[in-house]
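Understanding the architecture of this molecule
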Amino acid sequence: HLRYLCSECFRAIFLFFFFPSCAGGWSPLDTDRYQWLQVDLGSRKQVVAIATQGRYSSSDWTSKYRLLYSDTQKNWRPYLQDGNIWTFEGNVNSEGVVRFELQHAILARYIRFIPVDWSREGRIGVRLELYGCSYWADVISFEGHGVIPYRFRSKKIKIAKDVISLKFRTTAADGVLLHGEGQQGDYISLELSRARLQLSLNLGSNQYGSIQGHTSVTSGSLLDDDHWHSVVIERYRRNVNFTLDHHTQQFRTNGEFDHLDLDYEISFGGLPVSAKPSSGGRDNFVGCMEGITYNGDNITNLVRRKKLDTSSFRNLTFSCAESNSFSVFFNSTSFLRLPGQSDSDTLSVSLSFRTWNPNGLLMFTALADGWVEVGLTEGKVTVFMNVTQKKNTRIDISSGSGLNDGQWHSVHLNALENYAMLTVDGDEASTVRTAIPIQILTGGSYYFGGNFVPTNTRSLQRSFQGCMQMIHIDDHLADLRAVEQGLIGTFENVSLDMCAIIDRCVPNYCEHGGRCSQTWDTFSCNCSGTGYTGATCHTSMFQQSCEEYKHQGKSSGSYWIDPDGSGSITPFRVSCDMTEEKVWTVLKNNLSPQTSVTSADQEGKAVLQITYNVTDEQVLSVTSSATYCDQYVAYACRMSRLLNTPDGVPFTWWVGRANERHSYWGGSGPGIQKCSCGIEHNCTDAKHYCNCDADLRNWREDAGLLVYKDHLPVNQVVVGDTSRAGSEAKLTIGPLKCHGDRNFWNAASFTSPASYLHFPSFRGETSTDISFYFKTSSTHGVFLENLGTTHFLHIELRGSTVLFSFDVGRERVELSVHSAVPLNDDQWHRVEAEKNIKEAVLQLNGQYREIRPMPPQGHTKLEFYSDLYVGASSGQRGFLGCMRALKINGVTFDLEERARVTPGVNPGCQGHCSSYRMHCRNGGKCVEQYNGYACDCSLTAYDGPFCTDDVGGYFETGTLVRYDFLPEASASALQEVKSVSGVGVPSEANLTQEELVFSFSTSSAPSILVYISSRTQDYLAVVLRHNGTLQIRYSLGGLTEPYTIDVDHRNMANGQPHSVNITRYLREIRLQLDHYPVSTYTLPEASDTQFNLVKSIFLGKVFETGQIDPILIERYNTPGFVGCLSRVQWNSVAPLKAALRSGLAAPVSTHGILVPSNCGASPLTISPMASAMDPWHVEAAGAVFPLNEDQASGDGVDRNSAIIGGIISMVIFTVLCIMVFVIRHMFRHKGSYHTNEAKGADSADCADAAIIVNDPAFTETIDESKKEWFI
């Protein structure tokens, strides 16, 4: 049986079905926003859908509408979806039927249909039908005293699985809904706290406190709204699903126990009488519950059948009493006017309110001579009284704080005789009083809500958005139902008997720990300290790996990385070593080198825990994407056995990933109980496979690399043979080091516009992000798309524009960014797209960007009902080119794997140098690789991944470097070394042009810096004269004296770095010193233009046979250059680099002491750029995310400058011999190099070695990081 009520009905008030023969429909007399149609379903029903149609054969229909529902025709609740009061799309004509499936069923007896927009050709009109089914449940009313105990069949139960469900309705913000506990400390509790639901669980804590099982999770908000709320708790061991009103939180309980041990009973509605005293102090539940079930037992049904004890109830009822509260809902355009006494000398107003806005006008009344205003200002209640009788006397008082928290708060203002009194939340102790200099007289009208037009006042007119109830004027409760019936007062745009407050921070759409704050209309996220950015803290601020930092041109240092981007793994700090061709990610641990092993337990074993300041999940994110990982381990021993080889039980083992125990050592592999010396057959005692297993009294060591990355890192080492007399051991566990990033270089090449990669369907989240790199020579193509039945997602290239389009509800959103440079230039470009509940963002190459606010409705989780296609599957032109590093919501899609089984798509991509060539500096050559590129620095005077690292050396007295140009025949015979060293061996030549570049720093003069000789008498010399000025001497024949260039304007023997660049073409010589302008000189016409048969390059000093310019020898060659030379390059020859790099085969020799140094850094005539300007270089920039840590200071080149300046001061007071001694020790560099060279399987001398070298996990070995110290 259905009944219809309406605000104004004129045709009929009965149910209309969709039959053309049934003429009519509902259409009110007045077409305005105050009309409604109410349906009485006779009893509570579960409504799942609604269908609407316009009025039959008319121009009347409803195009947009809302729904309210209630059990009692009071306290109406709007239908919500996606965190908003939902506006339904209705009809566009009178005959079409529009059906809407409700996302969440409505459970109610009364439904109100509220027209929001209607036909412009006619008026409001509707025929509607509701779809649903019957509903019935036992209801129990709790008055705050009664508690329902459910006794277990045995005194104690041990439960691994729980399913608890119930519905509740209350106006109280606090109260216990269920509670159970056991003598062992286990408990489960569900309670309301400040109108939020809190589930507390403890599956057990041990008596020592090392295992803490307490777990607490909070859900929901504003649950004291007197509406029904549904709760389901599902637990299996430590895994819990906690569902409140269709929102589910999944979590695992703390501790290590799986069972819930309860004693005697579990109670509903409050704490049982048997509860421990420590559980007391909490209120019982006041309100109604229905449908209570506990592990299959219907508790409410058992109560109705009197199967449970209900003696604690004073009056047990199976119905839910109606609430007496009557709320008024204000929006930004609302006000409510109520009458009061006129010309009274006493003003008394009180009300309760709830809001999210920090500011708003609660009440305004005009006095006979002035006005009074009560409002919210920055979360405080403020009262302004303005009495114009005596020179505009103004009185301000305020009370409370943080009252815009969405909770109900009460305000009471009394003004009588000569004082005013303000009380907030009934706290009489904090009541604020103030004196009033004159007597007031009330005006008789009171305005609530703010949006009105006052007369003769100065009100601030701050609109109030929120709810009010319990409004008292002159100590009498205002009859708001009479207001609704139009008997008293007036109102504008208010919703009566309803409080439609929404907590936009529950559920919290701020991800990764972002802090949510809100106003009435929207929410915002504070992402500071999270490592993420964006409107919902979804996008990571950091790159996914050291590899990605390298390809942004960064150098070695400490960086934050985020391997899964927007995924659940938080960013963490690593060291990136980019000094070699490979980029190493280094995770350091807490164990100092050569740590003495002590503190053995009762069993004689010492346990050493290794920690890395990162979680296991973070470590796994590095190792899983790396191509290779290793970790150096060393065990130094004296009478302390290691593995007890060959057949014994190991004395020592280590624990790696997943707490797995391993009994092999560095240099060996899984399943082989040997050390490195056992693999290589060079152990101290041939009977054992480890040096330490010989059990000798003198110190021995077993060391090597652990390279099976699925076992790394080392988390614990258990040492078992140190308790004997005389036994000693020292343990070293190096950092975990990995190189390569398979996710970053995971690529596929699309060779046909019809080709695509197909991936299984997946369900997106409220926030969805997509990122990838592409390069193409085509102007058009679809990157990826998803053509779901209700959802759509599409990213496409059109010329120099990238488009990102998707559906939000029934609305399609499209973003586009245009590049100023062509995108079909066959270079890598990056696309980043994100859609969240607040905005959509599309970014190209990190600089072109469009942001679009999202529509307010339609933010259900993206559900892809069809599969995802990389490329185009819908007949459009697909992408043609290369794509790599495709990542969606933090998950990298394996393009290579899918490309191997897909026609028209090839795994991998070549041509990286077209995009990254500019990173190879100083003449370095970009070399193409399968998964990236490398810079070949062999023909430069530099080193490092980008050929930017200075190669230099410190020359002591008498040190010289000689580089010889071989005769042509000898050079040809040696060219084969180029395949090994990467450096060709140049031969003698006749030159018409050359370039000499180098840097130096010294405090002594005179000296020869560079001397280039020939097999004739041609030469080039760069010398420092006695006064420290520079001279260049050219002798190419044809002149009686060498051609000299004197640079007299500055002393260059001043201890600072200086750079010299000399280029010659025929007779023109160009000279640039430091950053000064280039100077041009011309050789005389008589001079030859060929540098004939270049023979040798000398650095620091000349030691040559044959005829040499006597001036060079007599004036500048003794005692020789003392200082630093670096970046020395003659055309394509780098003699100093060849001398310092032992791996380079070159005709170079060194006499005296030459120590590697970078003291030839850039000249200080221009200050070097501060590394603090680089936001990615964490240590230099002093970043504090997310923890404040001590930052290491960056070393700059001026450290050496200060030292050299100190040496200059010492020269004044010391003799030459002491100075030489001091300089030797001041500039001596200590270098340690240790190499583990790869050994091929074919050269392995035992089966174990062959296993290791043939296993892909063992195929690479590395040079340990080279270290330099500057004293």
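Above this note sits the structure.
What comes next is a walk through the structure. As the structure is a prediction and not an experimental result, all values here were calculated from the model.

Cut-offs and rules
Residues numbered from 1 in each chain as written. Predicted model: local features only at pLDDT ≥ 70, side-chain atom pairs only at ≥ 80, totals over all residues. Heavy atoms only, no water. Buried < 20%, exposed > 50% of the residue type's maximum accessible area, 1.4 Å probe, protein only. Helix = DSSP H or I, 4+ residues; strand = E, 2+ residues; numbered from the N terminus. Pairing = 2+ DSSP bridges. 1 Å grid on protein atoms, 1.4 Å probe; cavity = no way out; pocket = protein on both sides within 12 Å on 5 of 7 lines; lining within 4 Å. Points joined across faces, edges and corners; volume = space filled by probe spheres on them. Core = buried A, V, L, I, M, F, W, Y, C linked by side-chain atoms within 4.5 Å. Contact = heavy atoms within 4.5 Å. Phe/Tyr/Trp six-rings, centres within 6.5 Å; stacked < 30°, edge-to-face > 60°. Lys NZ or Arg CZ within 6 Å of the ring centre and 35° of its normal.

Section: the pairing of strand β56 (residues 801-808)
Buried residues dominate β56, accounting for 8 of its 8 residues. The alternating pattern of β56 places Thr801, Leu803, Ser805 and Asp807 and Val802, Phe804, Phe806 and Val808 on opposite faces, both of which are buried. The sheet contact formed by strand β55 (residues 792-798) and β56 spans 6 bridges and is antiparallel. Across the sheet, the residue bridging to glutamate 796 is leucine 803, located in β56. Connecting β55 to the antiparallel partner β56 that follows it, the hairpin turn spans 2 residues, and glycine 799 within it adopts a positive phi of roughly 65°. Pairing of β56 with strand β57 (residues 811-818), which is carried by 8 bridges, proceeds in the antiparallel orientation. Counterpart to phenylalanine 804 in the pairing with β57 is leucine 815. From the end of β56 to the start of β57, which pair antiparallel, there are 2 residues, and glycine 809 there has a positive phi angle of about 65°.

Concerning empty space enclosed by the protein
Tallied over the full model, the rule gives 6 cavities of 30 Å³ or more. Along its surface, the largest cavity is lined by 16 residues, and Ser545, Thr585, Val622, Ser625 and Gly740 are the ones closest to its centre. If you list the elements that add at least two residues to the lining of the largest cavity, you get α3 (546-550), α4 (616-625) and β50 (728-739). The element contributing the most residues to the lining of the largest cavity is α4, with 3 residues.

Section: the nonpolar core
Core analysis: the biggest nonpolar cluster contains 45 residues, and Tyr635, Trp665, Val714, Leu731 and Ile733 have the highest contact counts within it. Among the elements of the structure, α3, β40 (557-561), β41 (572-577), β44 (606-609), α4, β45 (628-638), β49 (716-719) and β50 are those that each provide at least two residues to this core. When residues of this core are assigned to their parent elements, the largest contribution, 5 residues, is made by β50. Sequence-distant contacts of isoleucine 733, defined by excluding residues within four places in its chain, comprise Asn589, Leu591, Ile610, Tyr612, Gln631, Tyr632, Val633, Val714 and Val717. The next biggest cluster of nonpolar side chains, apart from the first, holds 43 residues, and it includes Leu1009, Val1010, Tyr1043 and Val1128.

As for the packing of aromatic side chains
Pairs of aromatic rings are described using the distance from one ring centre to the other and the angle between the two planes. Following the criterion strictly, the structure yields 39 aromatic pairs and no others. Ring plane angle 45° and centroid distance 6.1 Å describe the contact between phenylalanine 335 and tyrosine 447, whose orientation is recorded as tilted. With phenylalanine 335 in strand β23 (residues 328-339) and tyrosine 447 in strand β32 (residues 442-448), the pair connects residues that are 112 residues apart, well separated along the chain. With 5.9 Å between their ring centres and 70° between their planes, phenylalanine 750 and phenylalanine 879 make a pair best called edge-to-face. Highlighted residues: phenylalanine 750 in strand β51 (residues 747-750) and phenylalanine 879 in the loop between β61 (868-871) and β62 (881-888), separated in sequence by 129 residues. A relative accessible area of 4% means that phenylalanine 750 is categorised as buried. An aromatic cluster of at least three residues, connected via ring pairs, comprises Tyr65, Tyr79, Trp86, Phe88, Phe100 and Phe113. The positively charged end of lysine 550 is found above the aromatic ring belonging to phenylalanine 946, 6.0 Å away from the centroid.

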